[in-house]
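# Inside the fold
What follows is the residue order along each chain.
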Amino acid sequence: MSAKRYYYEPADGHGLPHDPLNAIIGPRPIGWISSYDQQGNRNLAPYSFFNCFNYRPPIIGFASSGWKDSVQNIVETKEFVWNLATRELAEQMNETSASIPRGEDEFVRAGLTAVVGQKVKASLVAESPVNFECRLSQCIQLTTADGAAIDSWLVLGEVVAVHIDESLLKDGIYQTALAKPVLRAGGPSAYYTIDESHRFDLTRPDAR
Ligand SMILES: Cc1cc2nc3c(=O)[nH]c(=O)nc-3n(C[C@H](O)[C@H](O)[C@H](O)COP(=O)(O)O)c2cc1C
C-alpha cells in the first residue's frame with residue numbers, strides 16, 4: 001500500500017475534480033426502470049444506484065436522488081419493470097435519462113417498443129433481452145446516521161415474473177457476459193461492459 005493516501009470526510013467535500021464515490025463503487029449494473037402513472041402514461045429511466053437484495057423471493061431495488069417520476073409512479077401504481085441495459089441499447093438507455101415533462105413517453109423518445117407485462121401493467125422494453133416484472137414491496141426514505149431525513153428514496157420490489165432471451169441460456173445456464181450488460185462507472189460519462197475474458201472463478205470456503 002502506498003504511504004500517500006488521499007483522505008477526506010464527505011461532509012466537508014471531496015476536493016477532487018469529480019466525486020470519486022461512484023467511480024469507486026463501480027462498475028454498477030443499471031436499473032432501467034419502466035413504470036406508468038395513474039393516467040396510464042408510460043415512463044422509462046435508468047438508475048445506477050441499483051442492485052439485487054434477496055434471492056427468495058427475489059427483491060431488487062434502486063435509489064432515486066430526489067422524488068423523481070419513477071418513484072411517484074411506482075408509489076401510485078405499486079408496480080414496475082426492470083430491463084437489462086445492454087451495450088447495443090446503451091445510447092437509447094442514456095436517452096431515457098433526459099429530463100422531459102412528466103407524462104411524456106421515453107419509449108417513444110428513444111425509439112423503443114413497449115410490451116405490457118404478464119403480471120403487471122408496466123411495460124417491458126421489448127428490445128432488452130431480460131426483463132423482470134416487479135411489485136413494489138417498500139419505498140424507504142434514506143436518513144443520515146443521525147436520523148435526519150434525506151431527499152433520497154430506495155424503491156424495492158419483489159420480482160414476480162422473469163423474461164430471458166433464450167439465446168442467453170447455454171445448457172440452461174444464463175451467460176452474464178454474452179448479454180454485454182452496460183455498467184456505470186464514475187465521472188460524467190464513464191461506462192464499461194464485460195466479455196468472457198474478464199471471468200475468473202472462486203469456490204466459497206464453505207463449499208470446498
Ligand atoms: C446511467 C445513468 C444512471 C443514473 N442513475 C441514477 C440514480 O441512481 N439515481 C437517480 O436519482 N438518478 C439517476 N440517473 C438520472 C435519472 O435517470 C434521471 O434523473 C431521469 O430523468 C429520471 O427519470 P424519471 O424522473 O422519469 O424517473 C441516472 C442517469 C443515467 C444516464
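Structural notes, computed from the coordinates. Model, not experiment: these values are computed from the prediction. (Residues numbered from 1 in each chain as written. Predicted model: local features only at pLDDT ≥ 70, side-chain atom pairs only at ≥ 80, totals over all residues. Heavy atoms only, no water.)

Close to the ligand lie 20 residues; Pro46, Tyr47, Ser48, Ser65 and Ser70 are nearest. Within the backbone of serine 65, one N or O atom sits 2.8 Å away from an oxygen atom of the ligand. In this structure, an oxygen atom belonging to the ligand sits 2.9 Å away from a side-chain N or O atom of lysine 68. In isolation the ligand exposes 640 Å². Once the protein is present, 85% of that is buried. (Near = heavy atom within 4 Å. Polar contact = N/O pair within 3.5 Å; in protein donor to acceptor, adjacent residues only side chain to side chain. Areas by Shrake-Rupley, 256 points an atom, 1.4 Å probe, with all protein chains shown as cover.)

The next point concerns the pattern of salt bridges. Scanning the model with the defined rule gives 7 salt bridges in all. The partner of arginine 42 in a salt bridge is aspartate 105, and the shortest N-O contact between them spans 2.6 Å. Here aspartate 105 lies in the loop between helix H3 (90–95) and helix H4 (106–109) and arginine 42 lies in strand S2 (residues 42–47), a separation of 63 residues in the sequence. Taking the shortest distance from any N to any O, the salt bridge between glutamate 95 and arginine 109 comes out at 3.0 Å. Within this pair, whereas glutamate 95 is found in helix H3, its partner arginine 109 is found in helix H4, the two being separated by 14 residues in sequence. (Salt bridge = Lys/Arg side-chain N within 4 Å of Asp/Glu carboxyl O. Helix = DSSP H or I, 4+ residues; strand = E, 2+ residues; numbered from the N terminus.)

Mapped onto the elements, alanine 114 comes out in strand S6 (residues 114–116). For alanine 114, a relative accessible area of 27% gives the class partly exposed. The spacing of alanine 114 and glutamate 127 is 13 residues in sequence and 8.8 Å in space, taken between C-alpha atoms. What alanine 114 contacts, discounting residues up to four positions off in sequence, is Arg42, Phe107, Ser123 and Leu124. (Buried < 20%, exposed > 50% of the residue type's maximum accessible area, 1.4 Å probe, protein only. Contact = heavy atoms within 4.5 Å.)

Note that soluble globular proteins tend to have their nonpolar side chains buried in a common cluster. By size, the foremost hydrophobic cluster in this structure holds 19 residues, and its most contacted members are Ile33, Ile60, Phe62, Phe80, Trp82 and Phe132. Taken together, the elements giving at least two residues each to this core come down to S2, strand S4 (59–65), helix H2 (69–77), strand S5 (79–83), strand S8 (130–143) and strand S9 (149–164). Ignoring sequence-local partners within four residues, the contact set of tryptophan 82 consists of Ile30, Gly31, Trp32, Ile33, Phe50, Ile60, Val130, Asn131 and Phe132. If you look at the next biggest cluster of nonpolar residues, it comprises 12 residues, including Ile30, Ala90, Ala110 and Val182. (Core = buried A, V, L, I, M, F, W, Y, C linked by side-chain atoms within 4.5 Å.)

This next bit is on the environment of tryptophan 67. Position of tryptophan 67 among the secondary structure elements: in the loop between S4 and H2. By relative accessible area, tryptophan 67 is classed as partly exposed at 37%. In this structure, the C-alpha to C-alpha distance between tryptophan 67 and valine 120, residues 53 residues apart in sequence, is 22 Å. Residue contacts for tryptophan 67: discarding those within four places in its chain leaves Gln72, Val75, Cys139, Asp151 and Trp153. Among the polar contacts made by the side chain of tryptophan 67, one reaches the side chain of glutamine 72 at a distance of 2.6 Å.

Right, let's get into the packing of aromatic side chains. Enumeration over the complete set of coordinates arrives at 6 aromatic pairs. Between tyrosine 6 and tyrosine 8 the ring centres are 6.0 Å apart and the planes differ by 50°, which places this aromatic pair in the tilted class. By relative accessible area, which is 51% here, tyrosine 6 ends up exposed. Residues phenylalanine 50 and tryptophan 82 carry aromatic rings whose centres are separated by 5.8 Å and whose planes lie at 0° to one another, so their mutual orientation is stacked. Placement of phenylalanine 50 in strand S3 (residues 50–54) and of tryptophan 82 in strand S5 is noted, with a sequence separation of 32 residues between them. In terms of burial, phenylalanine 50 and tryptophan 82 fall into one category: buried. Three or more aromatic residues joined by ring pairs make a cluster, and in this case those are Tyr47, Phe62 and Phe80. (Phe/Tyr/Trp six-rings, centres within 6.5 Å; stacked < 30°, edge-to-face > 60°.)

Here we take up the sheet that holds S4. An order of S2-S1-S5-S8-S9-S4-S3 is seen for the 7 strands of this open sheet, with the pairing classed as antiparallel. Whereas interior strands pair on both sides, the edge strands pair on one side only; in this sheet they are S2 and S3. On average, each strand axis in the sheet is inclined to that of its neighbour by 35°, with strand direction left out of account. Here S3 pairs with S4 via 4 bridges, running antiparallel. Bridging across to S4, asparagine 54 finds its partner in isoleucine 59. H2 contacts strand S1 (31–36), S2, S4, S5, S8 and S9 of the sheet and is inclined by roughly 55° relative to S1. (Pairing = 2+ DSSP bridges. Axes fitted to C-alpha atoms, helices over the stretch in contact; angles between N-to-C directions.)

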